[in-house]
Amino acid sequence: LKEGEELYILMSGCTRNPEVVCDPETVDDCVTVFLEKEVARRELEHFQKERIPVSLARMVQKQRLVFYTSLYTMGINALLVKEQGQNFRIQLSDVVKRMDPSKQQPGTIWVENSQLHLTALYFMQSLRSSEKMEMTPELLEMQEEISVNFGRGRFLVPVEKEGRGVPLIRMRTEEKYQPVFTDILEFQKFNKGNILRPVVVPAQKVPQVLVAGTCGVVLNPMGVNVPMKVAGGVRA
């Protein structure tokens, strides 16, 4: 898993993140990892027959530490490793250790919303893989959980390094939303040109920083891309 020549990951076309599955026996939240390309291709064909939008991503060695670390920020705690017809479930902590947030430098603010991120992954995988995109009772329950978890968090809001500009995202409906991020890794995906800086904003103050004319916020636009209306609070 750390040094093998080949490593393939199932990526969700609904979230632009690894496809997340919940182990029915252990309730571990897992991503699927393949050590052989042929095994990965067979699994991909199964998803395609079920019309579930997934793809394969090849993970080279220099990418793996960042990849494994990013799983922590998504609330994922295990790897489902598939090799030659056998499945192995491995705890993420047995593959890579992460820094203890309590040991960070004084004055540093740790921003991470792993439970919110995880629920958003499951929600968007299920919603966007449905042809009708209907809100089932299960999806409504997850939607409520997203709103509750959002209200408990603090987020990274991007602003320009030079000047006071704030990036906005225009939806297909022509409505404008302001991007917010669950963690620094999601912020960095958006800040490719390195022209933005993150400002830490508690959920209760998010409505106060919205630009006039926006309808709300969009959570992790380069990933789960969840638009959330703001009207007396933030709701998915």
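Our subject in this report is the structure included herewith.

Rules used in this analysis
Residues numbered from 1 in each chain as written. Predicted model: local features only at pLDDT ≥ 70, side-chain atom pairs only at ≥ 80, totals over all residues. Heavy atoms only, no water. Buried < 20%, exposed > 50% of the residue type's maximum accessible area, 1.4 Å probe, protein only. Helix = DSSP H or I, 4+ residues; strand = E, 2+ residues; numbered from the N terminus. Pairing = 2+ DSSP bridges. Phe/Tyr/Trp six-rings, centres within 6.5 Å; stacked < 30°, edge-to-face > 60°. Contact = heavy atoms within 4.5 Å. Expected span 1.5 Å × (residues − 1). Axes fitted to C-alpha atoms, helices over the stretch in contact; angles between N-to-C directions. Parallel < 35°, antiparallel > 145°, perpendicular 65-115°, else oblique. Left-handed = near helix turned anticlockwise from the far one by under 90°. Nonpolar A, V, L, I, M, F, W, Y, C, P; charged D, E, K, R; others polar.

This paragraph deals with the pairing of strand β9 (residues 176-180). In terms of burial, β9 is largely enclosed, as four of its five residues are buried. Alignment of strand β8 (residues 169-170) against β9, held across two bridges, turns out to be antiparallel. Within the sheet, the bridge partner assigned to Ile169 lies in β9 and is Tyr177. Hairpin connection, β8 to β9: the antiparallel pair is bridged by five residues, and Glu174 has positive phi, about 75°. Relative to strand β11 (residues 216-219), β9 runs parallel, the two sharing four bridges.

Moving on to the packing of aromatic side chains. One pass over the full model with this rule turns up four aromatic pairs. Ring geometry for Phe150 against Phe155: centres 4.2 Å apart, planes inclined by 15°, an arrangement best described as stacked. Side by side, Phe150 and Phe155 carry an identical accessibility label, which is buried.

The subject of this paragraph is unusual backbone geometry. In the Ramachandran plot, Asn194 falls in the positive-phi region, its phi being about 55° despite a non-glycine side chain. Take Asn194: it is sitting in the loop between α5 (184-190) and β10 (196-202). Even without being glycine, Asn225 reaches a positive phi, approximately 55°. Relative to the helices and strands, Asn225 resides in the loop between β11 and β12 (226-230).

Let us now look at the pairing of β12. Bridge count for β11 against β12 is four bridges, and the pairing is antiparallel. The partner of Gly216 across the bridge, within β12, is Lys229. From the end of β11 to the start of β12, which pair antiparallel, there are six residues, and Asn220 there has a positive phi angle of about 50°.

Once that is clear, we can look at the side chain of Gln178. Relative to the helices and strands, Gln178 is located in strand β9. Of the residues examined, Gln178 reaches a relative accessible area of 2% and is grouped as buried. Those residues in contact with Gln178 that lie beyond four places of it in its chain are Val157, Val166, Pro167, Leu168, Val209, Leu210, Val211, Thr214, Gly216, Val217 and Val218.

What follows deals with helix α3 (residues 114-129). Counted at 1.5 Å a residue, the expected span for α3 with its 16 residues is 22 Å, and the 22 Å between its end C-alpha atoms agrees. Within α3 the residues assigned to the buried category are Leu116, His117, Leu118, Thr119, Ala120, Leu121, Tyr122, Phe123, Met124, Gln125 and Leu127.

Before going further, it helps to examine the packing of α3 against helix α4 (residues 137-151). Direction vectors running N to C along α3 and α4 enclose 150°, while the axes themselves pass 9 Å from each other. The orientation of α3 with respect to α4, classified from their angle, is roughly antiparallel. Considering how the two elements wind past one another, α3 and α4 form a crossing that is left-handed. In this structure, α3 contributes Gln115, Leu116, Thr119, Ala120, Tyr122, Phe123, Ser126 and Leu127 to the contact, and α4 contributes Leu139, Met142, Gln143, Glu145, Ile146, Asn149 and Phe150. For the contact of α3 with α4, the per-class residue count stands at nine nonpolar, five polar and one charged.

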